[in-house]
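# Summary of the model geometry
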Protein chains: 2
Amino acid sequence: MLTFFISHVTLNIMFGEFNLIEKYFVGRQPSRKDVMLAAGDDCALVKVPEGMSLAISTDTLVAGTHFLKHANPAWVAHKALAANISDLAAMGATPAWVSLALTLPELDESWLAPFCDSFFKLADYFNIQLIGGDTTKGPLSLTLTVQGFVAHDKALRRDGAQVGDWIYVTGDLGDSRAGLDVILNTDLRDKPFAEDLEIAHYLATPRVLVGQALLGLASSAIDISDGLVADLKHILKRSDVGAHLELSDLPISSQLIQFLGGVDKAQQYALVSGEEYELCFTVPKQHKESIDSALAHCGCKVSCIGQIRPNGHFELSNKGKVVDWPVQGFDHFQQD
Amino acid sequence: MLTFFISHVTLNIMFGEFNLIEKYFVGRQPSRKDVMLAAGDDCALVKVPEGMSLAISTDTLVAGTHFLKHANPAWVAHKALAANISDLAAMGATPAWVSLALTLPELDESWLAPFCDSFFKLADYFNIQLIGGDTTKGPLSLTLTVQGFVAHDKALRRDGAQVGDWIYVTGDLGDSRAGLDVILNTDLRDKPFAEDLEIAHYLATPRVLVGQALLGLASSAIDISDGLVADLKHILKRSDVGAHLELSDLPISSQLIQFLGGVDKAQQYALVSGEEYELCFTVPKQHKESIDSALAHCGCKVSCIGQIRPNGHFELSNKGKVVDWPVQGFDHFQQD
């Protein structure tokens with residue numbers, strides 16, 4: 001009864017009267033100037049710069065659904081925070097603050113220490129301050145809410161794509177799915193580059209610089225969390241348009257081709273691989289020439305993979321020839 | 001494998017390609033003028049009024065820890081959102097937006113429908129718009145992040161109490177704990193007012209108006225989530241002060257006294273009952289006369305229950321006589 005009743009207090013006792021929470025979470029970062037109050041009160045208090053809108057995104061990762069219970073906690077922390085930051089990147093926003101709600105089945109310092117080290121390493125890289133959250137007892141899961149700034153009315157949205165706009169993606173596609181294959185099937189560990197692909201699955205780099213550089217250039221953007229086709233579909237639906245994709249232009253790593261043993265399979269992976277956290281964006285014709293120079297400082301490959309078409313059209317081609325692959329997400333799109 | 005891999009897509013399919021999410025969550029509220037984008041993109045986009053700070057709080061409720069798995073979903077929704085709003089109330093902030101991360105073991109419309117009805121009813125009452133969140137598959141839990149505004153440097157904090165300040169609480173204390181007794185022990189359902197106390201446990205009213213009215217008057221404030229003594233202890237620790245509480249001044253409902261069969265027991269409940277979501281606040285002597293008129297429009301009882309003392313002192317009295325009850329939270333305080 002007591003455990004149920006005073007769950008906060010119980011957990012605090014479990015955590016040694018806040019000492020361990022303080023040890024792992026408090027005072028780990030310098031305070032941003034726009035944070036007046038972080039941990040230790042009922043709310044965090046922060047200031048948003050004048051003229052800026054606030055972009056907010058929430059992601060939950062549940063053990064057994066989004067990661068294996070025994071996954072490396074450092075990688076879980078990176079994956080969770082990177083996925084959350086990636087949503088800001090897709091709006092062109094500059095990250096600022098994050099709240100972390102962490103539910104743990106028990107206090108395990110050998111889990112918490114590497115989790116926190118990895119979490120703060122990535123947060124520090126993007127100058128994101130942890131401003132609050134909650135720590136509760138229960139089945140392992142995390143919910144993050146990240147916030148950032150973007151100038152009023154400048155944010156990259158999903159609803160701005162126009163017929164004729166060019167479709168781009170950052171980075172390489174498909175590696176995350178292959179990495180997940182390795183995670184779930186240990187027999188695949190002997191295949192070429194299996195370990196690199198597993199790491200690629202967990203350790204994505206959110207494309208924050210690219211998103212910011214695209215403000216004023218791109219007509220729409222999304223981050224690839226469900227898969228290229230599935231996420232592009234969100235842009236198409238919100239913008240009332242269709243699309244054509246050229247398979248031979250999909251950016252694919254040589255590691256993926258060797259791991260899968262062929263280009264066709266790799267292209268299929270590139271179309272459906274989720275949790276890539278690359279950006280997919282559309283660029284009006286008049287800005288196409290500007291893209292390479294605008295993104296030159298971002299240290300990130302970008303590839304033009306297709307073009308926006310009128311609503312109702314969705315076409316895949318390979319070196320110009322139409323292909324009719326049963327791509328996941330494609331059928332859903334047709335039914336919409 | 002597929003379930004693990006494309007968890008978002010899988011859940012979307014489980015939820016009928018967003019239709020059910022849309023049915024229950026989208027378009028349920030009029031859009032606030034400061035919300036430019038809510039559901040349907042990578043982030044929500046909102047504007048904070050000039051001159052205002054943003055107050056942010058995150059709470060997680062896990063089935064089996066914070067509520068029973070088979071608890072009334074309407075009551076769970078109210079409890080979760082009320083607890084979260086209560087943190088804004090304790091800062092004197094005006095609620096604005098909420099994000100909801102909901103993890104469900106399965107799609108159960110008979111659970112989701114009353115949950116959402118109750119959630120939006122309370123949100124609408126406080127003019128709070130749901131701006132985003134996440135829906136995932138896993139053990140039942142909810143994480144809410146609520147945000148509100150408070151004028152720069154005006155927020156009620158925990159660190160402002162001074163020796164001599166008077167200590168107040170809103171409402172009645174102890175009912176929530178008694179209600180939990182009823183929830184966990186069905187034998188108690190025959191006791192007087194058992195049902196009223198169970199409802200009191202779930203259906204707290206966040207003291208938003210009181211918090212706002214205390215801006216410029218109170219020197220510190222906190223909401224009672226862990227229990228009066230445990231939460232007052234947070235104020236004392238942050239403010240480097242001690243306290244004296246007079247038991248006979250604790251606000252206790254006649255229902256609680258009848259349920260417990262005596263005043264002493266009711267006073268003990270009032271000291272430790274968690275999840276009350278009443279405010280505990282301190283008022284400098286020069287503002288004591290103003291409190292009643294300042295709070296007259298709030299429709300909420302307030303009681304003066306003690307006074308701030310120098311650091312290191314913590315005393316309970318009953319009609320002026322010192323009592324030495326082993327109050328939970330008190331010993332922790334002594335050890336700090």
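Residues numbered from 1 in each chain as written. Chains lettered and ligands numbered in written order. Predicted model: local features only at pLDDT ≥ 70, side-chain atom pairs only at ≥ 80, totals over all residues. Heavy atoms only, no water.

The positions that UniProt labels "domain: PurM-like N-terminal" (unreviewed entry) are, in the present scheme, residues 40-150 of chain A. Within the segment residues 40-150 of chain A, helix and strand shares are 32% and 40% respectively, and the terminal C-alpha atoms sit 28 Å apart. (UniProt positions renumbered as here; feature names shortened; annotations may be inferred. Helix = DSSP H or I, 4+ residues; strand = E, 2+ residues; numbered from the N terminus.)

What follows concerns the relation of the copies chain A and chain B. For the pair chain A and chain B, the superposition axis carries a translation of 0.0 Å, the fit reaches an RMSD of 0.0 Å, and the rotation angle comes to 180°. Taken together, these values place the two copies in the relation of a two-fold axis. (Least-squares fit on C-alpha atoms with pLDDT ≥ 70 in both.)

Let us look at the domain arrangement of chain A. All names here are of chain A. Taken domain by domain, chain A consists of domain 1 (2-151) and domain 2 (166-335). Using only C-alpha atoms to locate each centre, domain 1 and domain 2 end up separated by 29 Å. Contacts between the two partners involve 20 residues from domain 1 and, on the opposite side, 20 residues from domain 2. Carbon and sulfur atoms make up 69% of the area that domain 1 and domain 2 hide from each other, which totals about 1700 Å². In this structure, the connection of domain 1 to domain 2 is made through 1 salt bridge. Lys79 is paired through a salt bridge with Glu275; the nearest N and O atoms lie 3.2 Å apart. Only α4 (73-91) and β4 (94-104) provide two or more residues apiece to the side of domain 1 that touches domain 2. Ranked by the residues each element gives to the side of domain 1 that touches domain 2, the list is headed by α4, at 12 residues. For the side of domain 1 that touches domain 2, the residue count by class is 14 nonpolar, 4 polar and 2 charged. (Domains from an automatic or database assignment. Contact = heavy atoms within 4.5 Å. Buried area = accessible area lost by both parts, 1.4 Å probe. Salt bridge = Lys/Arg side-chain N within 4 Å of Asp/Glu carboxyl O. Nonpolar A, V, L, I, M, F, W, Y, C, P; charged D, E, K, R; others polar.)

Within the UniProt annotation, "binding site: Mg(2+) 4" (unreviewed entry) is assigned to Asp42, Ser57 and Asp87 of chain A. The largest pairwise C-alpha distance within this set of annotated residues, which runs over 46 residues, is 26.9 Å, so the set is dispersed in three dimensions. Tracing the chain through its elements places Asp42 of chain A in the loop between β1 (35-37) and β2 (44-46). Here Asp42 of chain A falls in the buried class, since its relative accessible area comes to 6%. Here Asp42 of chain A is in contact with Ser57, Asp87, Ala90, Met91, Arg158, Ala221, Ile222 and Asp223 of chain B, once residues within four sequence places are set aside. As for its placement among the helices and strands, Ser57 of chain A is situated in strand β3 (residues 52-62). When its relative accessible area of 4% is taken as the criterion, Ser57 of chain A is described as buried. Excluding anything up to four places from it in sequence, Ser57 of chain A contacts Asn84, Asp87, Leu144, Thr145 and Val146 of chain A together with Asp42 and Cys43 of chain B. (Buried < 20%, exposed > 50% of the residue type's maximum accessible area, 1.4 Å probe, protein only.)

This part is about helix α6 (residues 175-184) of chain B. Summarising burial for α6 of chain B: 9 of the 10 residues are buried, a large majority. Listed in full, the buried residues belonging to α6 of chain B are Asp175, Ser176, Arg177, Ala178, Gly179, Leu180, Asp181, Val182 and Ile183 of chain B.

What follows deals with the sheet that holds strand β10 (residues 279-283) of chain A. Across a sheet, strands are paired by hydrogen bonds formed along the backbone, either parallel or antiparallel in direction. Residues and elements named next belong to chain A. Pairing is mixed in the open sheet, where 7 strands are placed in the order β8-β10-β7-β11-β9-β12-β13. Looking at which strands have only one partner, the edges of the open sheet turn out to be β8 (220-223) and β13 (321-323). Neighbour to neighbour, the strand axes of the sheet diverge by 30° on average, direction disregarded. Sheet strands touched by helix α9 (residues 228-239): β7 (166-170), β8, β9 (241-246), β10, β11 (302-310) and β12 (314-318). Its angle to β9, the strand with the most contacts, is close to 150°. (Pairing = 2+ DSSP bridges. Axes fitted to C-alpha atoms, helices over the stretch in contact; angles between N-to-C directions.)

Before going further, it helps to examine the packing of α4 of chain A against helix α7 (residues 194-202) of chain A. Packed helix pairs are specified by the crossing angle of their axes together with the interaxial distance, meaning the distance between the axes. Residues and elements named next belong to chain A. Close contact between α4 and α7 brings their axes to 8 Å; oriented N to C, the two are set at 50°. Put simply, α4 runs oblique to α7. Touching Trp75, Val76, His78 and Lys79 of α4 are Glu198, Ile199, His201 and Tyr202, all from α7. Looking at the contact of α4 with α7 residue by residue, the class counts come to 4 nonpolar, 2 polar and 2 charged. (Parallel < 35°, antiparallel > 145°, perpendicular 65-115°, else oblique.)

With that settled, consider the interface of chain A and chain B. If you look at the interface, chain A gives 79 residues, while chain B gives 79 residues. Taken together, the connections running from chain A to chain B amount to 4 salt bridges. The partner of Arg158 of chain A in a salt bridge is Asp42 of chain B, and the shortest N-O contact between them spans 3.2 Å. When residues in the side of chain A that touches chain B are grouped by element, the largest group, 9 residues, is from β3 of chain A. The residue inventory of the side of chain A that touches chain B, partitioned by class, reads 36 nonpolar, 25 polar and 18 charged. Pairing of β2 of chain A with strand β3 (residues 52-62) of chain B involves 3 bridges; the strand directions are antiparallel. Within β3 of chain B, the residue paired with Val46 of chain A across the bridge is Leu54 of chain B.

The next thing to look at is the sheet that holds strand β6 (residues 141-151) of chain B. Read across the sheet, 6 strands follow the order β1(A)-β2(A)-β3(B)-β6(B)-β4(B)-β5(B) without closing on themselves; strand pairing throughout is mixed. With partners counted over all chains shown, the strands left at the sheet margins are β1 of chain A together with β5 (129-137) of chain B, one partner each. Pairwise comparison of adjacent strand axes, ignoring direction, gives a mean angle of 20° for this sheet. Pairing analysis gives 8 bridges linking strand β4 (residues 94-104) of chain B to β5 of chain B, with the strands arranged parallel. Following the sheet pairing, Val98 of chain B is matched in β5 of chain B by Leu130 of chain B. Packed onto the sheet, helix α5 (residues 109-125) of chain B meets β4, β5 and β6 of chain B and runs at close to 170° relative to β4 of chain B.

Right, let's talk about the pairing of strand β10 (residues 279-283) of chain B for a bit. Residue and element names in this part refer to chain B. Where burial is concerned, most of β10 is hidden: 5 out of the 5 residues are buried. Side chains Leu279, Phe281 and Val283 project from β10 onto one buried face, and the interleaved Cys280 and Thr282 project onto a second face that is buried too. Two elements, strand β7 (residues 166-170) and β10, share 4 bridges in a ladder whose sense is antiparallel. Residue Val169 lies in a different strand from β10, and its bridge partner there is Cys280.

A separate point is the pattern of salt bridges. Charged atoms that come close allow side chains of opposite charge to pair. Within this structure, the stated rule accounts for 24 salt bridges over all chains. We note a salt bridge from Arg309 of chain B to Glu315 of chain B, for which the minimum N-O separation is 3.8 Å. What makes Glu315 of chain B partly exposed here is its relative accessible area of 32%. Among the charged side chains, a salt-bridge network with shared partners connects Asp41 and Asp42 of chain A together with Arg158 of chain B.

Turning our attention to the environment of Asp34 of chain A. All names here are of chain A. Positionally, Asp34 belongs in the loop between α3 (19-25) and β1. For Asp34, a relative accessible area of 13% corresponds to the buried category. On a C-alpha basis, the gap between Asp34 and Thr143 in space is 23 Å, while along the polypeptide they are 109 residues apart. Apart from the residues within four sequence positions on either side, Asp34 is in contact with Leu45, Val46, Lys47, Trp97 and Phe149. Polar side-chain contacts of Asp34 include one of 2.7 Å to the side chain of Arg32. (Polar contact = N/O pair within 3.5 Å; in protein donor to acceptor, adjacent residues only side chain to side chain.)

If you look at the biggest cluster of nonpolar residues, it comprises 63 residues, and the most contacted ones within it are Phe25 and Phe281 of chain A. Per-element tally for this core: the top contributor is α4 of chain A, with 10 residues. If we skip the residues at most four places from it in the chain, Phe281 of chain A touches Trp166, Ile167, Tyr168, Thr170, Leu214, Ala218, Ser220, Ala221, Ile291, Leu295 and Val302 of chain A. If you look at the next biggest cluster of nonpolar residues, it comprises 62 residues, including Ala63, Leu102, Val208 and Ala218 of chain B. (Core = buried A, V, L, I, M, F, W, Y, C linked by side-chain atoms within 4.5 Å.)

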